[in-house]
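The chain contents come next:
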Amino acid sequence: MKQEIAFIQSEELKVKPKADSLGFGKYYSDYMFVMDYHSEKGWYEPRITPYEQLILDPAAMVFHYGQAIFEGLKAYKTADGTIQLFRPEKNMKRFNESCDRLCIPQIDENFLLKAIKELILIEKDWIPEGDGTSLYIRPFIFATEPYLGVRPSHQYKLLVILSPVGAYYGDQLSPVKIYVEEQYVRAVIGGVGHVKTAGNYAASMKAQEVAEAKGFAQILWLDAKENKYVEEVGSMNIFFKIKGEVVTPKLNGSILSGVTRDSVIQLLKHWNIPVREEKISIEEVFAAHERGDLEEVFGSGTAAVISPVGELNWNDRSIEINHQKIGQLSQRVYDEITGIQLGKKEDPFNWIIKVAQV
Ligand SMILES: *Cc1c(COP(=O)(O)O)cnc(C)c1O
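Analysis parameters
- Residues numbered from 1 in each chain as written.
- Predicted model: local features only at pLDDT ≥ 70, side-chain atom pairs only at ≥ 80, totals over all residues.
- Heavy atoms only, no water.
- Helix = DSSP H or I, 4+ residues; strand = E, 2+ residues; numbered from the N terminus.
- Buried < 20%, exposed > 50% of the residue type's maximum accessible area, 1.4 Å probe, protein only.
- Contact = heavy atoms within 4.5 Å.
- Phe/Tyr/Trp six-rings, centres within 6.5 Å; stacked < 30°, edge-to-face > 60°.
- Lys NZ or Arg CZ within 6 Å of the ring centre and 35° of its normal.
- Core = buried A, V, L, I, M, F, W, Y, C linked by side-chain atoms within 4.5 Å.
- Domains from an automatic or database assignment.
- Buried area = accessible area lost by both parts, 1.4 Å probe.
- Salt bridge = Lys/Arg side-chain N within 4 Å of Asp/Glu carboxyl O.
- Polar contact = N/O pair within 3.5 Å; in protein donor to acceptor, adjacent residues only side chain to side chain.
- Nonpolar A, V, L, I, M, F, W, Y, C, P; charged D, E, K, R; others polar.
- Near = heavy atom within 4 Å.
- Areas by Shrake-Rupley, 256 points an atom, 1.4 Å probe, with all protein chains shown as cover.
- Disulfide = S-S within 2.5 Å.

Q: Give me the lowdown on the environment of G234, citing residues and values where you can.
A: In this fold, G234 is placed in the loop between β11 (230–233) and β12 (237–242). With a relative accessible area of 14%, G234 lands in the buried category. Sequence spacing of G234 and K344 is 110 residues, and the spatial spacing of their C-alpha atoms is 29 Å. The residues contacting G234, other than those within four sequence positions of it, are R186, Q218, I219 and W221.

Q: Talk me through the packing of aromatic side chains; I want residue IDs and the actual numbers.
A: Summed over all chains, the structure comprises twelve aromatic pairs. With 5.1 Å between their ring centres and 15 degrees between their planes, F239 and F298 make a pair best called stacked. In this pair, F239 is assigned in strand β12 and F298 in strand β15 (residues 294–301), connecting sequence segments 59 residues apart. By the burial criterion, F239 is buried, and F298 matches it. Put simply, the rings of Y37, W43 and Y156 touch in pairs and so form one group of aromatic residues. Looking at K41, its charged tip hangs above the ring of Y44, at a distance of 3.9 Å from the centre.

Q: I'd like a rundown of the nonpolar core, residues and numbers included.
A: Counting 45 residues, the largest nonpolar core has F33, L112, I137, I141, L158 and V160 as its most contacted members. For this core, the element with the highest residue contribution is helix α3 (residues 109–122), accounting for seven residues. Ignoring sequence-local partners within four residues, the contact set of L112 consists of F33, M92, F95, I107, L158 and V160.

Q: For the domain arrangement of the protein, give the residues involved together with the corresponding values.
A: For the protein, the assigned domains read domain 1 (6–165) and domain 2 (176–341). For domain 1 versus domain 2, the distance between C-alpha centres works out to 28 Å. Listed per partner, the contact involves 20 residues of domain 1 and 21 residues of domain 2. Contact between domain 1 and domain 2 buries roughly 1700 Å² in total, counting both sides, with carbon and sulfur atoms accounting for 57%. Of all residues in domain 1, F70, F86 and R94 give up the largest surface area on contact with domain 2, accounting jointly for 35% of the area buried on that side. Taken together, the connections running from domain 1 to domain 2 amount to two salt bridges. The partner of R87 in a salt bridge is D262, with the nearest N and O atoms 2.8 Å apart. Applying the counting criterion to the domain 1 and domain 2 interface returns 13 residue pairs in polar contact (both at pLDDT 80 or more). Secondary-structure elements contributing two or more residues to the side of domain 1 that touches domain 2 are β4 (68–70), β5 (73–77), β6 (82–86) and α2 (88–101). It is α2 that provides the largest number of residues to the side of domain 1 that touches domain 2, a total of six residues. Residue classes in the side of domain 1 that touches domain 2 are distributed as eight nonpolar, five polar and seven charged.

Q: I'd like to hear about the site of the ligand, residue by residue, with values.
A: Neighbouring the ligand are 14 residues; K196, Y201, E232, T260 and T302 lie closest to it. E232 is positioned such that a nitrogen or oxygen atom in its side chain is 2.5 Å from a nitrogen atom of the ligand. At 2.8 Å, a backbone N or O of V259 approaches an oxygen atom of the ligand. Computed on the free molecule, the ligand has an accessible area of 380 Å², of which 95% lies beneath the protein chains in the complex. Looking at the shell around the ligand, its residues break down into four nonpolar, six polar and four charged.

Q: So, the environment of Q328: which residues are in play, and what are the values?
A: With respect to the helices and strands, Q328 occurs in helix α7 (residues 328–341). With 32 residues separating them in the primary sequence, Q328 and E296 have C-alpha atoms 8.4 Å apart.

Q: Lay out the state of the cysteines in plain terms, naming residues and giving numbers.
A: Applying the stated criterion across every chain yields a total of zero disulfides. Here C99 stays free of any disulfide, with the sulfur of C103 as its closest cysteine sulfur at 11 Å.

Q: Give me unusual backbone geometry: which residues, what numbers.
A: Positive phi is not limited to glycine here, since K243 has a value of about 50 degrees. Relative to the elements of secondary structure, K243 occurs in the loop between β12 and β13 (245–248). A positive phi is found at V305, a non-glycine position, where the angle reads about 70 degrees. Mapped onto the elements of the fold, V305 is located in strand β16 (residues 305–314). Among the residues examined, V305 registers a relative accessible area of 6% and is labelled buried.

Q: Tell me about the pattern of salt bridges, residues and numbers included.
A: Under the criterion given, the structure shown has 17 salt bridges. One salt bridge connects K241 with E296, and the closest N-O pair in it is separated by 4.0 Å. Residue K241 is located in strand β12, and its partner E296 is located in strand β15; the two are separated by 55 residues in the primary sequence. Each member of the pair, K241 as well as E296, is classed as buried. The residue E336 makes a salt bridge to K345 at a minimum N-O spacing of 3.5 Å. Taking relative accessible area as the criterion, E336 reaches 17% and is therefore assigned buried. A relative accessible area of 37% means that K345 is categorised as partly exposed. Through salt bridges with shared partners, a single network forms among D36, R47 and K157.

The following block contains the structure:
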């Protein structure tokens, strides 16, 4: 796509929030990227406009049949003022995989990445600089055609919005209590669990609400067919360290292929720590704990990077992992990935894409 990206200047800029009040997804920057799709025109009118409300037809197909997908990545500002992204091409590729599964027309991955870089440059002052902070980037696409017949929409909107975010857990990783879900499922093989579509989240909220009421922070999802094999934790991939070896569920069509998951696997291999992608049952996890072999459990995802699990509750059995303390390996992986993202550590894998130096 050789299109020029139009720029529409905002008349007034917002007051930026304080670095210690950021939280996650509470504030949005001054501008957003927008592009439209029509089956007769393809993707058209890419533009960076002031962040503003949208006008949509009440019959817009997204409201009725849920064609909506998204991505999540972050921009970082290093100590020397370099603005950089972490493996963004993986997000662009996954965005197109989500498009494909939801019958949404493909996007030009290079063009969208270029548009995101342009947007970030305009919004560079919105990248917070405190420890653990970053500018969260949320690209998304949804169906806009006003039509109530069931078929893929002929019209879509793609937007990218930016949100300055704080460290997920403050300045310390803190282990969380997890509820192993037996009644509800997140995704089925053959369904849409492997892509980032809004409906996956809608489907997960009931179980999350029930678990929260019982005092748990997140849910550990089991496979939908046998209710036996571990899939993911909340909206993160999951890792178990058992007797010095790391195991993570193998991608099976219902598990999301996390960029952080892939990075953790590559790092472990680089460190010569045995890591296997395979089916692992919740029974095996609890049995490993019985034997005293379950050393660490952690989730991985862009938002929190690494989220240690301190307690697992399954069928009224509760196990404590590593005395509810952050495991050594969890901490090491966290330090390494955030170190690379913030330019404090070597990047032997060429994961970093530099956007600019300011
Ligand atoms: C986004 C997401 C993840 C984590 O993916 P990352 O690319 O590491 O951020 C894991 N599981 C689900 C269900 C997700 O939506």
